[in-house]
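Listed below are the residues making up each chain.
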Amino acid sequence: MTRLAALRYIPRMQIGMVGLGRMGANMVRRLVRGGHTVVAFDVNQQAVADLAKEGATPATSLADLCAKLSGPRHVWLMLPVAFVDGTIDEVVKHLAKDDCIIDGGNTHYIDDIRRAKALVAHGIHYVDVGVSGGVWGLERGYCQMIGGDAAAVARLDSVFATLAPGVGTIARNPDAAGLGTAEKGYLHCGPSGAGHFVKMVHNGIEYGLMAAYAEGLNILKHADIGKHAYEKDAETTPLRHPEHYQYDFDLAAVTELWRRGSVVGSWLLDLTAQAMAKDQSLAQFGGRVSDSGEGRWTLAAANDEGVPAPVLAAALFGRFSSRGNGDFMNKVMSAQRFAFGGHLEKGKH
């Protein structure tokens, strides 16, 4: 059965979507294409108007969005973390008992626990959903890691199913029959906070994978060091065997090669290979790598649990260094070397 054919058997729902950025807008499109009724709102009314042309019902405010939904209402937030609490406070004013708020952003799971407890007092359900899929999710589908009470999660099953990639063309795991909806690309992971906890660790792993690919490709890129002249002085470690480093690797070809039958193959490698094929120098990028919080939260959880996570820690700290946050540390070490040995920084004399 094709994906489109399978969607015909999914019950349709009405849902509100708040936040129409790259992921939020594409999630609206996927839901509309799947036959759901989506009421859409964003502070950027042009984003609302654009989606209205594609079948979404436009809303001019949070109050208008809630008024256009029938009970029990479901309001899905796709917002930066800093705006979630304020938006929930406003949305609650327009909801009633048994309605539901879904947070699909990159929220700290601890905030989910707090919010769920607060909303219980209003009789409102709270579901947290860690969403992975990025800008490719419209066509590929979104992996969803879900937390919240079972009744509320079950009520949203058709929405999750539509957003999810489905079984697709990935080889089925013969031992996955008892794993519920996991092989379809969405899973109720546990009570409030569980969805974002799993997504938090997912992103921590993502940091480590990205760093591993980047470090390996950097070693390949510099494998021609033996062909170049280098300074010979007390401040430079000598390259003892330049004849061992005479390689000019085609990184676009290597990353494409690794996609074919290699144990390190992955979608992340696919994207890396695409970038390399366009420009191996990656000239459009400055190398400043941001972090949105999940890597830090993952390490905090590892610390509380007393479990080692050195790869994830190194990957996160590498991102800090990429933004110049290690510059003063490096200055301290240069000052120390100068103090105890009179060592001058290269290029400073």
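Please refer to the structure placed before this passage.
Okay, so let's go over this structure. Since the model is a prediction, treat every value here as computed from it, not as a measurement.

Conventions adopted
Residues numbered from 1 in each chain as written. Predicted model: local features only at pLDDT ≥ 70, side-chain atom pairs only at ≥ 80, totals over all residues. Heavy atoms only, no water. Helix = DSSP H or I, 4+ residues; strand = E, 2+ residues; numbered from the N terminus. Buried < 20%, exposed > 50% of the residue type's maximum accessible area, 1.4 Å probe, protein only. Contact = heavy atoms within 4.5 Å. Areas by Shrake-Rupley, 256 points an atom, 1.4 Å probe, with all protein chains shown as cover. Lys, Arg positive; Asp, Glu negative; His and termini not counted. Charge placed at Lys NZ, Arg CZ, Asp CG, Glu CD. Pairing = 2+ DSSP bridges. Salt bridge = Lys/Arg side-chain N within 4 Å of Asp/Glu carboxyl O.

### What about the overall build of the protein chain?
- What the protein chain contains, in helices and strands, is 15 helices and eight strands.
- Principal axes of the C-alpha set define a box for the protein chain whose edges measure 75 × 50 × 45 Å.
- Every one of the 349 residues in the protein chain was classed for burial, and the buried ones make up 40%.
- For the protein chain, restricting intrachain contacts to residue pairs at least 6 apart in sequence, the fraction spanning at least 24 positions comes to 64%.
- Carbon and sulfur atoms form 59% of the exposed surface of the protein chain, whose accessible area is close to 19,500 Å².
- In the protein chain, 35 positive and 36 negative side-chain charges are present, and the distance between their average locations comes to 3 Å.

### What about the sheet that holds strand β1 (residues 14-18)?
- Taken together, eight strands build an open sheet; the order of strands is β3-β2-β1-β4-β5-β6-β7-β8 and the sheet is mixed. Only two strands of the sheet have a single neighbouring strand rather than two, namely β3 (57-58) and β8 (186-190).

### Concerning the pattern of salt bridges
- A full pass over the atoms with the stated rule returns 20 salt bridges.
- A salt bridge links D248 to K227; the nearest nitrogen and oxygen atoms lie 2.2 Å apart. Taken together, the residues D248 in the loop between α10 (194-221) and α11 (251-258) and K227 in the loop between α10 and α11 connect sequence positions 21 residues apart.
- Here the salt bridges share partners, and the residues they tie into one network are D85, D103, D111, R114 and R115.

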